[in-house]
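The primary structure of each chain is shown beneath.
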Amino acid sequence: MRVSLLLFVLLFAFSCAENQARYPLNKKKDVFLNSSAERNKTLLAREEYLIKTAAKRDSSLNYQVSEAGFLFAYVKSSDAKLPLPSKGTKVRFQYQIEDLDKNILYDKTTLGIVNYAIDQEDLLPGLRGGLRMMRPGEVVVFLFPSYLC
């Protein structure tokens, strides 16, 4: 009886020890995430450089930086008294897609005329932001980074 009581007390005393935290077995995940983040920062910096270089080459236009991070330049401006479109406003527009060297990837005839309700339909994120900045009759050139396309 004493042996079982002693065994019970010892078992009870050692069972109250603190649990040790388990450490992750796969430490490579952190390395992958860090290297992926660095790679993306490098790609973004290169993309921004290429976009700014393309804007400088096009000296006929005065490019500005938008709040969303893309460059834009007005080819044709309209009266500043006209209101900017608000959410739900129906707009109709044409556009074409070019690379930074001005090679046409998709022309106006291929893409056609687009009817769009501002902020209520799917559209390229950069183009959604650009349309919110345009008044009726304006022609604007946008230089979008890849994350907005």
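See above for the structure.
Residues numbered from 1 in each chain as written. Predicted model: local features only at pLDDT ≥ 70, side-chain atom pairs only at ≥ 80, totals over all residues. Heavy atoms only, no water.

A.B. asks: Explain the pattern of salt bridges to me, please; I cannot follow it from the model alone.
C.D. replies: One side chain can pair with another of opposite charge once the charged atoms of both are near each other. Counted according to the given criterion, the structure contains 4 salt bridges. The residue D58 makes a salt bridge to K102 at a minimum N-O spacing of 3.1 Å. In this pair, D58 is assigned in the loop between α2 (28-57) and β1 (64-65) and K102 in the loop between β4 (97-98) and β5 (104-106), connecting sequence segments 44 residues apart. Among the residues examined, D58 registers a relative accessible area of 13% and is labelled buried. Accessibility expressed as a relative area gives 47% for K102, which makes it partly exposed. (Salt bridge = Lys/Arg side-chain N within 4 Å of Asp/Glu carboxyl O. Helix = DSSP H or I, 4+ residues; strand = E, 2+ residues; numbered from the N terminus. Buried < 20%, exposed > 50% of the residue type's maximum accessible area, 1.4 Å probe, protein only.)

A.B. asks: Teacher, can you tell me more about unusual backbone geometry here?
C.D. replies: In terms of backbone geometry, most residues other than glycine have negative phi values and most peptide bonds are trans. Phi is positive for K102, which is not a glycine, with a value near 70°. A positive phi angle, close to 60°, is found at D119, a residue other than glycine. Of note, D119 is situated in the loop between β6 (114-117) and α4 (125-132). By relative accessible area, D119 is classed as partly exposed at 33%.

A.B. asks: Could you clarify how one ought to interpret α4 in this entry?
C.D. replies: Two residues of an α-helix separated by three or four positions point the same way, owing to the 3.6 residues in each turn. Residues of α4 that are buried: G126, L127, G129, G130 and L131. Taken together, the buried residues of α4 touch β3 (90-93), β6 and β7 (139-143). (Contact = heavy atoms within 4.5 Å.)

A.B. asks: Could you clarify how one ought to interpret the nonpolar core in this entry?
C.D. replies: Here is a general trend for soluble globular proteins: nonpolar side chains tend to be buried in one another's company. Ranked by size, the top nonpolar core spans 16 residues in total, and within it F70, F93, Y116, L123, L127, L131 and F142 carry the most contacts. Sorting the residues of this core by element identifies β3, β6, α4 and β7 as the ones contributing at least two each. Once residues within four sequence positions are removed from consideration, L123 is found in contact with F93, Y116, R128 and L131. Counting residues in hydrophobic clusters, the runner-up holds 7 residues, among them I51, L61, Y63 and L143. (Core = buried A, V, L, I, M, F, W, Y, C linked by side-chain atoms within 4.5 Å.)

A.B. asks: How should I be thinking about the layout of surface pockets in this particular structure?
C.D. replies: Left-over empty space is what a probe sized like a water molecule reveals as it rolls over the atoms. Space inside the largest pocket adds up to approximately 1300 Å³. Taken together, 41 residues line the largest pocket, and the ones lying closest to its centre are Y95, Q96, V140, V141 and F142. When contributions to the lining of the largest pocket are tallied by element, the ones reaching two or more residues are α2, β3, β4, α4 and β7. With 5 residues, β7 is the single largest residue contributor to the lining of the largest pocket. Split into classes, the residues belonging to the lining of the largest pocket amount to 27 nonpolar, 5 polar and 9 charged. (1 Å grid on protein atoms, 1.4 Å probe; cavity = no way out; pocket = protein on both sides within 12 Å on 5 of 7 lines; lining within 4 Å. Points joined across faces, edges and corners; volume = space filled by probe spheres on them. Nonpolar A, V, L, I, M, F, W, Y, C, P; charged D, E, K, R; others polar.)

A.B. asks: Sorry if this is basic, but what is going on with the sheet that holds strand β2 (residues 71-76) here?
C.D. replies: Strands belonging to one sheet form pairs held by backbone hydrogen bonds; the direction of such a pair is parallel or antiparallel. An order of β1-β2-β7 is seen for the 3 strands of this open sheet, with the pairing classed as antiparallel. Here the strands that pair on one side only, and so sit at the sheet edges, are β1 and β7. (Pairing = 2+ DSSP bridges.)

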